[in-house]
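So you can see what is in the structure, the chains are spelled out below.
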Amino acid sequence: MANPSSAPTTAQRPAPAKTGGIDGFFRITERGSTVGREVRGGLVTFFTMAYIVVLNPLIIGTQADGTGKFLGGQGVPHAIQLVAAGTALVAGVMTILMGVVANFPIALATGLGLNAFVTFGIAKLPEMTWADAMGLIVIEGVIITALVLTGFRQAVFKAIPGELKTAISVGIGLFITIIGLVDAGFIRRPATGPVPVELGIGGFLNGWPLLVFVIGLIAIVIMMVKHVKGAILFGIVGATVLAVVVEAVGSIGGQTDATGKVVNPAGWGLNVPKLPDQFVDVPDFSLLGHFNVLGSFSKIGVVSAILLVFTLLLADFFDTMGTMVAIGAEAKLLDKNGNPPNSDKILLIDSLAAVAGGAGSVSSNTAYIESASGVGEGARTGLASVTTGVLFLLATFLAPLVKIVPYEAATPALVVVGFLMMQQVRGIDWEDLEIAIPAFLTIVLMPFTYSITAGIGAGFVMYTVIKVVRGKAGVIHPLLWAVSALFVVYFAIDPVKSLLGAH
């Protein structure tokens, strides 16, 4: 596979002859791609993020709200299959819209981190219900959509210095690398000791699942350096086949039992890769519409509800900005100011996805950085997103088949794409401390805090502080002043809550 980072930019390519049909609609030839590469890229993106169809139900479908009820209003966690179907449905519809409306190779699904915050930081508050929590997400989505329609979100994005945008891309590259390594179990939190992470289990790569990950990673790298087209996709499929064989022979099983307790550290991380008893299941979408827009205000108070919406808003606001810059940079689609094409449409669809996620009772949907794996495979247009979206819709019927792919087979793609994105670091002037230090904080805090938002916020605040002490406050865009101030509030949200009497 040719290294996508070495492909010519859109501005460098000669103007192609006008084309029609799918090619013309998605501008496939114009962006230096082919239908085959787009479909292949969409497949890779789907396989690297299909885990959300399984993982989201385990996060929001197994936890009781503040009244002791689970999603769907029952006293037992019966809605896991319903959450899986809803997760795949909303992801499919919104990803297809992203492809058709914005013509950009980025997929959307329930945001990890956001769903955990909704579960443990909102739904479990006293007297709060799941419908109330989803209502807050709808409110956040409506507000952020209004910010897009008024041009405010795009204006903030364009106010960010170009080298900070590059730092965001590099930081996200490291972030998805650590996601891949952690999900595969290659690095883990040790059971005891002062260090936060370690290699494998007790410092050693124990277990057949880890061997599958290593073989998959090496296979993709070998195919890449030999310029094999489809290297990432072939790596995922090949590693999945190997995983199925290994499980059939060794009966390894999963890491956790039915309660989520780790009982087999050397087992498979998420899915046990074995052929299911049935390949097709009729989806149940009965959770759709289970939200209460204003219910939380009477349960936890107006101030607390507003602060929760603000927290959701800020995280959603900047995560997508960073993601679309990273994807655009890897696809060589950014303009001279570091902006991707159709950025207003990308942000609009992403904002509507937050509303759809809350209305669908599956938590806020957002752009996925795993889309970079599809770009690494050659995706450059919205056709890749349409492909991914269609696969998500099919996954509502084929949930048993989606479960075949384990973490260990899909995560090598994230590590490889992390390397590709890391190459952009040469675009930062490391001799200029005024930009180098904020860029450094942006890059390192994303993986070290497991948060894109934390990295972006730290970079913005430090950039503003340095410019002020250097007597260059006048070069800071007014919107960057405002955003930096908001990030200060975001980082100090707990003291602010205490000051305002919110709990």
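Everything discussed here concerns the structure shown above.
Residues numbered from 1 in each chain as written. Predicted model: local features only at pLDDT ≥ 70, side-chain atom pairs only at ≥ 80, totals over all residues. Heavy atoms only, no water.

## Topic: the overall build of the chain
Item 1. Each helix and strand counted, the chain has 21 helices and 4 strands in total.
Item 2. Across its three principal axes, the chain shows a C-alpha extent of roughly 65 × 60 × 55 Å.
Item 3. Buried residues in the chain amount to 55% of all 503 residues.
Item 4. Restricting the contact set of the chain to residue pairs at least 6 apart, pairs at least 24 apart contribute 79%.
Item 5. As displayed, the chain offers around 20100 Å² of accessible surface, 68% of which is attributable to carbon and sulfur atoms.
Item 6. The distance from the centre of the 28 positive side-chain charges to the centre of the 29 negative ones in the chain is 6 Å. (Helix = DSSP H or I, 4+ residues; strand = E, 2+ residues; numbered from the N terminus. Buried < 20%, exposed > 50% of the residue type's maximum accessible area, 1.4 Å probe, protein only. Contact = heavy atoms within 4.5 Å. Areas by Shrake-Rupley, 256 points an atom, 1.4 Å probe, with all protein chains shown as cover. Lys, Arg positive; Asp, Glu negative; His and termini not counted. Charge placed at Lys NZ, Arg CZ, Asp CG, Glu CD.)

## A closer look at unusual backbone geometry
Item 1. With a phi close to 50°, N103 is a non-glycine residue in the positive phi region.
Item 2. Mapped onto the elements of the fold, N103 is located in the loop between α4 (80-102) and β1 (108-110).
Item 3. Residue classification places N103 among the buried positions, given a relative accessible area of 7%.
Item 4. Positive phi, normally seen in glycine, also occurs at S251, with a value near 45°.
Item 5. Mapped onto the elements of the fold, S251 is located in the loop between α10 (231-250) and α11 (295-300).

## Topic: the nonpolar core
Item 1. Core analysis: the largest hydrophobic core is formed by 73 residues, its most contacted members being I172, F318, M421, I456 and F460.
Item 2. If near-sequence neighbours (up to four positions away) are discounted, I456 is found in contact with I168, F318, G322, T442, M446 and F487.
Item 3. Counting 43 residues, the second-largest nonpolar core is a separate cluster that includes F46, W130, L308 and L312. (Core = buried A, V, L, I, M, F, W, Y, C linked by side-chain atoms within 4.5 Å.)

## Some details on the pattern of salt bridges
A side chain with one charge may pair with a side chain of the opposite charge, provided their charged atoms come close.
Item 1. Scanning the entire structure with this criterion turns up 7 salt bridges.
Item 2. Ionic pairing is found between R27 and E30, a salt bridge with its closest N-O pair at 2.6 Å.
Item 3. Owing to a relative accessible area of 35%, R27 belongs among the partly exposed residues under this scheme.
Item 4. Judged by its relative accessible area of 30%, E30 is partly exposed.
Item 5. Ionic pairing is found between R470 and E434, a salt bridge with its closest N-O pair at 2.8 Å. Placement of R470 in the loop between α19 (452-469) and α20 (478-491) and of E434 in helix α18 (residues 433-449) is noted, with a sequence separation of 36 residues between them.
Item 6. What emerges from the salt-bridge pattern is a single network uniting E434, K467, R470 and K472. (Salt bridge = Lys/Arg side-chain N within 4 Å of Asp/Glu carboxyl O.)

## Focus: the packing of α4 against helix α15 (residues 382-395)
Item 1. Orientation of α4 relative to α15, taken along the N-to-C sense of each, is 160°, at an axis distance of 7 Å. With respect to α15, the axis of α4 lies roughly antiparallel. Crossing hand, α4 versus α15: left-handed. Contacts from A88, L89, A91, G92, V93, T95, I96, G99 and V100 of α4 reach α15 at G382, S385, V386, T388, G389, V390, F392, L393 and A395.
Item 2. Here the contact of α4 with α15 is built from residues that sort into 11 nonpolar, 7 polar and no charged. (Axes fitted to C-alpha atoms, helices over the stretch in contact; angles between N-to-C directions. Parallel < 35°, antiparallel > 145°, perpendicular 65-115°, else oblique. Left-handed = near helix turned anticlockwise from the far one by under 90°. Nonpolar A, V, L, I, M, F, W, Y, C, P; charged D, E, K, R; others polar.)

## Topic: the side chain of T387
Item 1. Counting through the fold element by element, T387 comes out in helix α15.
Item 2. Aside from chain neighbours lying at most four places away, what touches T387 is E38, V39, G42 and L43.

## Notes on α4
Item 1. In this model, α4 (23 residues) spans 32 Å end to end at C-alpha, consistent with the 33 Å of a helix rising 1.5 Å per residue.
Item 2. Immediately downstream of α4, the backbone of N103 shows phi near 50°, a positive value. (Expected span 1.5 Å × (residues − 1).)

## Quick word on the side chain of S363
Item 1. Tracing the backbone through its elements, the reader meets S363 in the loop between α13 (343-359) and β4 (365-367).
Item 2. The residues contacting S363, other than those within four sequence positions of it, are T110, L114, N115, V118, M134, I137, G357 and G358.

## Quick word on the packing of aromatic side chains
Item 1. All chains considered together, the criterion is met by 7 aromatic pairs.
Item 2. Relative to F392, the ring of F46 lies with its centre 5.1 Å away and its plane at 80°, an arrangement referred to as edge-to-face. Of this pair, F46 sits in helix α2 (residues 35-49) while F392 sits in helix α15, placing them 346 residues apart in sequence.
Item 3. Here the aromatic residues F46, F47 and F392 are joined through ring pairs into a cluster of three or more. (Phe/Tyr/Trp six-rings, centres within 6.5 Å; stacked < 30°, edge-to-face > 60°.)

## Structural notes on helix α9 (residues 208-225)
Item 1. For α9, which comprises 18 residues, the first-to-last C-alpha distance of 26 Å matches the rise-based estimate of 26 Å (1.5 Å per residue) to within 8%.
Item 2. Elements in contact with the buried residues of α9: α8 (162-184), β2 (187-188), α10 and α17 (407-422).
Item 3. Backbone geometry just after α9 places H227 at a positive phi near 60°.

## Here we look at the environment of V325
Item 1. Within the secondary structure, V325 is located in helix α12 (residues 302-330).
Item 2. With 157 residues separating them along the chain, V325 and I168 place their C-alpha atoms 7.7 Å apart.
Item 3. If near-sequence neighbours (up to four positions away) are discounted, V325 is found in contact with F157, K165, S169, L334 and G338.

Any functional reading would require information beyond the geometric quantities listed.
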